[in-house]
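# Geometric and topological summary
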Amino acid sequence: MTQKQPKTELDARYSSALNPRPGTENVTATDWGEAQRRLQDAEVFWITTVRPDGRLHVTPLIAAWHDGALYFSVGPGEQKAKNLAGNDHCALTTGHNSFSEGLDVVIEGPAERVTEPARRDEVIAAFEAQYGDRITSPEGIFYGFGDSIRTGHDLLFAVTPGTAYSFGHDGQVFSHTRYTF
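Residues numbered from 1 in each chain as written. Predicted model: local features only at pLDDT ≥ 70, side-chain atom pairs only at ≥ 80, totals over all residues. Heavy atoms only, no water.

Moving on to the environment of D104. Looking at the element boundaries, D104 is found in strand β7 (residues 103-114). Spatially, the C-alpha atom of D104 lies 8.1 Å from that of Y165, the residues being 61 residues apart in sequence. The residues touching D104, leaving out its near neighbours within four places in the chain, are T94, G95, H96, Y165, S166, F167 and H169. One polar contact links D104 to H169, side chain to side chain, over a distance of 3.0 Å. (Helix = DSSP H or I, 4+ residues; strand = E, 2+ residues; numbered from the N terminus. Contact = heavy atoms within 4.5 Å. Polar contact = N/O pair within 3.5 Å; in protein donor to acceptor, adjacent residues only side chain to side chain.)

In structure tokens:
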């Protein structure tokens, strides 16, 4: 998969650039490479899907950033899977729950089901590299993750960003970056 480089822009309406304070005069957009590093390092993501009646469904899950897409799995009977079957649009969010530090990242796009065996195995390896013993050890919280996907017990999805956002917070300095693909 070829990774697209997005158009990156600082949104001054929601950044310290609009309300300058000492130390905030040099607020800049967050580089896409930094946002990708945060996606690779994150352990918990929140997914938002849309129910058939239009109500939102938000729940935590694990995900892995690999080759320009964010991957996650769900059981076929879960509300997330039911929602995605009717409307593939979703958002995945990760970040740091603090005003004083961190970078929050949001990925928006359609969820594409991954069924091709070679791609599936490549993504499972990415999950194993990211989550280590939590997936690979019999004592791990998600042990059997790969086999569950290989057997079809769980469904694997990829979200290639259509739009992404990052929200940086460092003391009194805030930035809002939009990435358009």
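Structure shown, so let's carry the discussion forward.
What follows covers the pairing of strand β2 (residues 45-50). Along a regular strand, successive side chains alternate from one face of the sheet to the other. Residue alternation in β2 divides its side chains into a buried set, F45, I47 and T49, and an unburied set, W46, T48 and V50. Pairing of β2 with strand β3 (residues 56-61) involves six bridges; the strand directions are antiparallel. Bridging from a neighbouring strand, T49 pairs with H57 of β3. Between β2 and the antiparallel strand that follows it, β3, lie five residues; G54 among them carries a positive phi value of about 95°. Sheet topology note: the β2/strand β6 (residues 89-94) ladder contains three bridges and is antiparallel. Of the residues in β6, the one forming a bridge with I47 is L92. (Buried < 20%, exposed > 50% of the residue type's maximum accessible area, 1.4 Å probe, protein only. Pairing = 2+ DSSP bridges.)

Following the sequence through the fold, H169 ends up in strand β9 (residues 163-170). A distance of 2.5 Å separates a polar side-chain atom of H169 from the backbone oxygen of S98. In this structure, H169 is in contact with H96, S98, F99, S100, E101, G102, L103, D104 and F174, ignoring residues within four places of it in sequence.

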